[in-house]
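# Architecture and fold: a report
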Amino acid sequence: MIEHLINGRNVASSEVFETVNPATQEVLADVASGGELEVAQAVAAAKEAFPKWAGLPAAQRAKIMRKLGDLIAAQVPQISEMETRDTGQVIGQTKKALIPRAADNFYYFAEMCTRTDGHTYPTETHLNYTLFHPVGVCALISPWNVPFMTSTWKVAPCLAFGNTAVLKMSELSPLTAAHLGQLALEAGVPAGVLNIVHGYGRTAGESLVKHADVSAISFTGSTATGNRIIQSSGLKKFSMELGGKSPFVVFEDADLKRAMDAAIFMIFSNNGERCTAGSRILVQRSIYDQFAKEFAARASRIAVGDPMDENSIIGPMISPEHLAKVRHYIELGPTEGATLLTGGLDAPELPAHLKRGNFVRPTVFANVSNEMRIAQDEIFGPVACLIPFDDEADAIRIANDTRYGLSSYVWTQNLGRAHRVAAAVQAGMCFVNSQNVRDLRQPFGGTKASGTGREGGTWSFEVFLEAKNICVST
Ligand code: NAD
């Protein structure tokens with residue numbers, strides 16, 4: 001049984017839900033399903049723990065954060081297996097990238113919290129300077145894709161800067177964060193500083209964001225939920241990391257081998273369940289046919305299979321409902337006029353133990369025009385849309401013709417064009433001749449319907465610290 005973590009103790013609820021392995025439909029655990037009551041208890045515990053935790057010297061908090069990073073780093077194989085079973089993200093990715101990144105988040109913000117230096121603005125008559133203070137109790141809400149990394153991306157800065165937290169994981173993937181709670185206690189995080197309430201969005205999530213004693217909300221999830229939270233939470237600090245439909249633009253002068261590798265990676269890794277997926281692949285018309293042919297051939301060879309197998313590249317979708325959504329778009333593509341190059345609705349060939357899993361073939365559509373719903377809606381699965389463009393202006397127009405603005409990718413060997421397109425694209429991030437490479441100092445986040453606020457490095461100050469200006473007459 002997975003229970004809540006409230007004030008350092010495991011707490012049950014009268015109701016439970018099951019978390020299920022999406023590759024096999026095997027029930028992994030019963031999970032306590034919290035609501036208003038559990039949220040109230042968790043927020044009260046966080047509120048009580050706040051003054052003492054915030055009052056600790058930053059170096060002491062940093063030491064605890066580093067210890068927590070060490071505990072995670074020492075358990076990468078176990079946590080990776082847990083995450084893979086709970087989410088269907090393939091073990092190669094969880095073990096090599098996603099879980100080690102979680103340890104790095106704690107190491108990084110342990111360092112950062114000792115450097116919350118402000119600014120000075122002297123005049124002839126006055127000296128202004130800024131101080132940063134923790135904001136208090138923070139609501140941290142995570143989605144089901146890469147849940148351990150995403151939750152630590154929030155918990156690490158939140159706690160390191162002296163705040164206390166109530167973390168709510170997705171009801172579809174609660175296992176690893178529950179484990180994080182136990183590791184935090186082991187590392188010396190005092191009771192009440194990190195609380196975890198499991199449950200559904202409409203119950204636990206909504207109670208949490210509405211709670212009057214919550215000062216800040218760091219939310220990662222869909223645009224629809226983000227909008228709902230903004231409307232229901234009242235006046236709070238918030239950061240919203242929402243959905244995406246990011247353009248991956250390939251000009252005819254690009255290094256096509258590298259561009260192809262990156263394009264494949266950016267739509268098919270993490271099962272395509274990735275907010276920064278390069279899901280609209282814009283290819284210059286002169287190279288479009290050849291690119292599409294090779295891209296589809298590569299996609300058709302991608303190994304779909306048991307996420308616990310090191311050789312698998314694509315595992316199952318998180319839930320039957322999400323699989324149905326992805327399949328709906330695969331069905332929709334041809335009716336909108338797109339050409340199915342590979343993939344489609346036939347189930348991939350799988351061994352008997354995976355027959356009930358939520359698997360789908362990597363799918364590639366060509367001759368996609370940007371108005372189609374498959375090009376406008378976030379599918380959040382391994383479905384690539386190849387869209388032709390004529391020239392630089394056309395590429396920018398298509399790239400920006402979307403409600404989203406999270407990430408973007410530009411491939412060209414023309415330096416001037418690279419800078420022009422990177423500047424013109426409406427997105428929070430642009431990677432030039434590169435796949436998405438994270439540096440924890442980067443501002444991470446999106447514009448338009450992809451969210452508001454940035455996290456990472458000093459950008460996390462915005463969410464987790466309150467700046468105060470002090471003006472002294474001299
Ligand atoms: P979701 O919005 O359905 O759920 C996210 C979290 O919000 C879950 O914990 C859920 O229980 C909770 N929730 C739901 N309704 C709520 C409410 N009314 N009040 C408070 N909490 C509520 O998203 P999902 O399906 O879990 O995740 C996929 C989405 O997340 C995709 O759109 C993806 O692009 C996005 N995402 C964005 C980023 C980013 O950094 N921009 C990263 C990962 C995922």
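Under the annotation held in an unreviewed UniProt entry, the protein chain carries the name 5-carboxymethyl-2-hydroxymuconate semialdehyde dehydrogenase and is attributed to Roseateles toxinivorans.

## A closer look at the site of the ligand
Taken together, 31 residues sit near the ligand, with Pro143, Gly201, Gly205, Gly221 and Thr225 positioned nearest. Breaking the shell around the ligand down by element, the ones donating at least two residues are α7 (201–210) and α8 (223–232). A per-element tally of the shell around the ligand places α7 first, with 5 residues. Tallied by class, the residues present in the shell around the ligand amount to 11 nonpolar, 13 polar and 7 charged. Each of domain 1 (4–242 + 450–470) and domain 2 (247–432) contributes no fewer than three residues to the shell around the ligand.

## A short note on the UniProt feature "active site" (unreviewed entry) in the protein chain
Feature annotation in UniProt places "active site" (unreviewed entry) on Glu241, given in this structure's numbering. Here Glu241 shows up in strand β11 (residues 237–241). Aside from chain neighbours lying at most four places away, what touches Glu241 is Phe219, Thr220, Gly445 and Gly451.

## Some points on α7
Taken together, the buried positions of α7 are occupied by Ala204, Gly205, Glu206, Ser207, Leu208 and Val209. Lining the buried residues of α7 we find α1 (36–55), β7 (137–141), β8 (164–168), β10 (216–220) and α8.

## Section: the sheet that holds strand β16 (residues 383–389)
The 7 strands lie next to each other as β14-β15-β16-β13-β12-β18-β19, forming an open sheet whose pairing is mixed. The sheet terminates laterally at β14 (339–342) and β19 (431–432), the two strands that pair on one side only. Inspection of the sheet shows strand β13 (residues 280–284) paired to β16 by 5 bridges, in the parallel sense. Bridged to Ile281 within β16 is Leu386. Contacts from helix α11 (residues 320–336) reach β14, β15 (363–366) and β16, with the element oriented near 35° to β16. Sheet contacts for helix α14 (residues 415–424): β12 (247–250), β18 (409–411) and β19; angle to β18, the most-contacted strand, approximately 160°.

## Comments concerning the sheet that holds strand β5 (residues 120–122)
Strands pair in a sheet through their backbones, by hydrogen bonds, and they do so in one of two ways: parallel or antiparallel. One open sheet accounts for 3 strands, arranged β5-β6-β22; its pairing is antiparallel. Looking at which strands have only one partner, the edges of the open sheet turn out to be β5 and β22 (465–473). Strand after strand, the sheet turns through a mean of 20° between neighbouring axes, direction not considered. Across 3 bridges, β5 lies against strand β6 (residues 126–134) in antiparallel orientation. Bridge assignment links Pro122 to a residue of β6, and that residue is Leu127.

## Some remarks on the packing of helix α4 (residues 91–112) against helix α5 (residues 147–160)
In the contact formed by α4 and α5, the axes pass within 9 Å of each other and the chain directions differ by 10°. With respect to their mutual orientation, α4 and α5 come out roughly parallel. Judged by residue contacts, Leu98, Ile99, Arg101, Ala102, Asn105, Phe106, Phe109, Ala110 and Met112 of α4 engage Phe148, Met149, Thr152, Trp153, Ala156, Pro157 and Ala160 from α5. Of the residues contributing to the contact of α4 with α5, the split by class is 13 nonpolar, 2 polar and 1 charged.

## A few points about the environment of Glu331
Position of Glu331 relative to the elements: it lies in helix α11. Sequence separation between Glu331 and Asn370 is 39 residues, and the spatial gap between their C-alpha atoms is 17 Å.

Thresholds applied
- Residues numbered from 1 in each chain as written.
- Predicted model: local features only at pLDDT ≥ 70, side-chain atom pairs only at ≥ 80, totals over all residues.
- Near = placed C-beta within 6 Å.
- Helix = DSSP H or I, 4+ residues; strand = E, 2+ residues; numbered from the N terminus.
- Nonpolar A, V, L, I, M, F, W, Y, C, P; charged D, E, K, R; others polar.
- Domains from an automatic or database assignment.
- UniProt positions renumbered as here; feature names shortened; annotations may be inferred.
- Contact = placed C-beta atoms within 7 Å.
- Buried ≥ 20, exposed ≤ 12 C-beta atoms within 10 Å, placed from the backbone.
- Pairing = 2+ DSSP bridges.
- Axes fitted to C-alpha atoms, helices over the stretch in contact; angles between N-to-C directions.
- Parallel < 35°, antiparallel > 145°, perpendicular 65-115°, else oblique.

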